[in-house]
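# Geometric and topological summary
In case you want the letters, here they are:
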Amino acid sequence: MSAVPQPDLDEIEDRFVGLVEGRRTRDEVDRWAAEWVKRDELGWDDLSWWALSLLHGIDLPAGAGHGCYLHDDAQVRLWLAELRGRRRTAQ
């Protein structure tokens, strides 16, 4: 992964959008985020780290036998809206 540049906030937001729109799976987004979270040598701004940390674990189940996720689709949409709001405030 060393040849791949660190994702910026646009790329992180795109993972949220892809998930909300159904173009990406929760498993896919979680695995992508996990690859970046585990790289200790990278530096992140607070907003990028917050958003990336939400994506890492996005596929956690609510519990055995529930058949749903700990954070449902409505929560993911709220996180996306919050990310966009925080980006506007930061500009």
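Further up the page is the structure itself.
Summarised in this report is the structure supplied together with it. The structure presented is a predicted model; accordingly, all values stated were derived computationally and were not measured.

### Looking at the packing of helix α1 (residues 9-21) against helix α2 (residues 26-37)
Orientation of α1 relative to α2, taken along the N-to-C sense of each, is 165 degrees, at an axis distance of 10 Å. Between α1 and α2, the angle falls in the class roughly antiparallel. The two elements α1 and α2 cross, and the hand of that crossing is left-handed. In contact with Glu-11, Ile-12, Arg-15 and Leu-19 of α1, α2 contributes Arg-26, Val-29 and Trp-32. Looking at the contact of α1 with α2, its residues break down into four nonpolar, no polar and three charged.

### As for the packing of aromatic side chains
Evaluation of the coordinates by the stated rule reveals one aromatic pair. The cationic tip of Arg-26 hangs over the ring face of Tyr-69; the distance from NZ or CZ to the ring centre is 4.1 Å.

### Re the nonpolar core
Counting 21 residues, the largest nonpolar core has Ile-12, Phe-16, Trp-32, Leu-52, Leu-55, Ile-58 and Leu-83 as the members making the most contacts within it. At the level of secondary structure, the elements contributing two or more residues to this core comprise α1, α2, α3 (46-55) and α4 (73-90). In this structure, Leu-52 is in contact with Ile-12, Trp-32, Ala-33, Trp-36, Val-37 and Trp-44, ignoring residues within four places of it in sequence.

Parameters and conventions
- Residues numbered from 1 in each chain as written.
- Predicted model: local features only at pLDDT ≥ 70, side-chain atom pairs only at ≥ 80, totals over all residues.
- Heavy atoms only, no water.
- Axes fitted to C-alpha atoms, helices over the stretch in contact; angles between N-to-C directions.
- Helix = DSSP H or I, 4+ residues; strand = E, 2+ residues; numbered from the N terminus.
- Parallel < 35°, antiparallel > 145°, perpendicular 65-115°, else oblique.
- Left-handed = near helix turned anticlockwise from the far one by under 90°.
- Contact = heavy atoms within 4.5 Å.
- Nonpolar A, V, L, I, M, F, W, Y, C, P; charged D, E, K, R; others polar.
- Phe/Tyr/Trp six-rings, centres within 6.5 Å; stacked < 30°, edge-to-face > 60°.
- Lys NZ or Arg CZ within 6 Å of the ring centre and 35° of its normal.
- Core = buried A, V, L, I, M, F, W, Y, C linked by side-chain atoms within 4.5 Å.
- Buried < 20%, exposed > 50% of the residue type's maximum accessible area, 1.4 Å probe, protein only.

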